[in-house]
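# Overview (structure and organization)
Listed below are the residues making up each chain.
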Amino acid sequence: MDLITFGISGILTVVVSLISIILIILTIVFGIIRAIKKKFKKTFIILLIITILFVIIDFFAINNLIKNFNEIDINNDKSINIRQEDGKMILSNNPIEQLFMSDDKKIEVICNDIMNKIETEDYETIKNIFSIDMINNVQNLDEGINKLIEISNENITDFKSQSNGSETHWDNGKHRTTYRFSIDITTNSAKYSIGFEYDYENPFNNKTLGVNRIVILDENKDILILLDNENINKGY
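Residues numbered from 1 in each chain as written. Predicted model: local features only at pLDDT ≥ 70, side-chain atom pairs only at ≥ 80, totals over all residues. Heavy atoms only, no water.

Helix and strand counts for the protein stand at seven helices and seven strands. Scanning the protein from its N terminus toward the C terminus, one meets helices and strands in the order α-α-β-β-α-α-α-α-α-β-β-β-β-β. The 236 residues of the protein split such that 39% are buried. Put simply, 58% of the contacts in the protein that link residues at least 6 apart link residues at least 24 apart. Accessible area of the protein: about 13700 Å², with a carbon and sulfur share of 55%. (Helix = DSSP H or I, 4+ residues; strand = E, 2+ residues; numbered from the N terminus. Buried < 20%, exposed > 50% of the residue type's maximum accessible area, 1.4 Å probe, protein only. Contact = heavy atoms within 4.5 Å. Areas by Shrake-Rupley, 256 points an atom, 1.4 Å probe, with all protein chains shown as cover.)

As structure tokens, this is what we get:
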């Protein structure tokens, strides 16, 4: 679904919600009158039935709107420039779109961005997936980047991402969010599984935004490369 269609669906859902609210208020008013003065029995019953129907329609409309939002196809939009702003990774040029993204959707977008960078086979481009803190602290970063270039050189034919959980730290109304996910990669000559730890949001220390841990496994699940920012400065 594109944003225009989503916008129209959103407007219709708001209209249905407003009608539902009005009907609920009218039903309550006529219910009170019915209870006190014993009048408008038929009006109250009709209002009650219509209200129940609109509430049910509204419930499904909202659920459908959320589902449609999560299906908006932004993963292959090359114009999206994932970047850092105000202690958070910006995954969409539309702030409303990002606001309602599920965690799974965010991870999907991040994984696509990582794969796009790996497939360039360019050292500096791939380096941009890592946090500034990791770049400054991990000594074998070059080895990891060169391994990713080697994998891309084997001609990547397929990849699949998977969420492995998240962690959130709260302090004084601020929160740091870290995602853990993996990408299974198939090339012309081998299969690999790459695990990532990724800071999506960190108002305490924006230098940790990006990848802070990466482990590359072969098809036998043997570790080929491990890059871990063990001395990461969390900032809280």
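With that settled, the discussion passes to the nonpolar core. By size, the foremost hydrophobic cluster in this structure holds 38 residues, and its most contacted members are Ile114, Phe130, Phe181, Phe196 and Ile214. At the level of elements, helix H4 (103-118), helix H7 (141-153), strand S4 (174-187), strand S5 (191-201), strand S6 (210-218) and strand S7 (223-228) are the ones that each hand at least two residues to this core. Aside from chain neighbours lying at most four places away, what touches isoleucine 214 is Phe130, Met134, Leu148, Ile194, Gly195, Phe196, Ile225, Leu226 and Leu227. (Core = buried A, V, L, I, M, F, W, Y, C linked by side-chain atoms within 4.5 Å.)

What follows concerns the pattern of salt bridges. By the definition in use, this model includes six salt bridges. Of the charged contacts in the structure, one is a salt bridge between arginine 83 and glutamate 85, with a shortest N-O distance of 3.0 Å. Between glutamate 150 and lysine 147 there is a salt bridge, and its shortest N-O distance comes to 3.5 Å. Linking glutamate 150 with lysine 147, this pair stays in helix H7, spanning three residues, or about one helical turn. Residue glutamate 150 is classed as partly exposed on the basis of its relative accessible area of 41%. Accessibility expressed as a relative area gives 18% for lysine 147, which makes it buried. (Salt bridge = Lys/Arg side-chain N within 4 Å of Asp/Glu carboxyl O.)

Time to look at the confidence of the model for the protein. For the protein, per-residue confidence averages 86 on the pLDDT scale, and residues scoring 70 or more make up 89% of the total. Confidence over residues 74-78 falls short of pLDDT 50; this stretch has eleven contacts with residues more than four positions distant or in other chains. (pLDDT = per-residue confidence, 0-100.)

Before going further, it helps to examine H7. Taking 1.5 Å of rise per residue, the 13 residues of H7 would be expected to cover 18 Å, and the 18 Å separating its terminal C-alpha atoms lies within 8% of that figure. Looking only at H7, the buried set comprises Leu141, Gly144, Ile145, Lys147, Leu148, Ile149, Ile151 and Ser152. One or two residues past the end of H7 sits asparagine 155, with phi positive at roughly 75°. (Expected span 1.5 Å × (residues − 1).)

Residue position: threonine 13 is located in helix H1 (residues 3-37). Excluding its chain neighbours within four sequence positions, the residues that come into contact with threonine 13 are Asp58, Ala61, Ile62 and Leu65.

Attention now goes to the environment of asparagine 164. By the element assignment, asparagine 164 lies in strand S3 (residues 156-171). C-alpha separation for the pair asparagine 164 and glutamate 197, spaced 33 residues apart in sequence, amounts to 9.5 Å. Within polar-contact distance, the side chain of asparagine 164 engages the side chain of serine 182 at 3.4 Å. (Polar contact = N/O pair within 3.5 Å; in protein donor to acceptor, adjacent residues only side chain to side chain.)

Below, the discussion takes up the side chain of asparagine 229. Looking at where asparagine 229 falls in the secondary structure, it is placed in the segment after S7. Among the residues examined, asparagine 229 registers a relative accessible area of 4% and is labelled buried. Within the structure, asparagine 229 has its side chain in polar contact with the side chain of aspartate 133 (distance 2.9 Å). Dropping the residues within four chain positions of it, asparagine 229 is found in contact with Asp133, Met134, Asn137, Val138 and Asn212.

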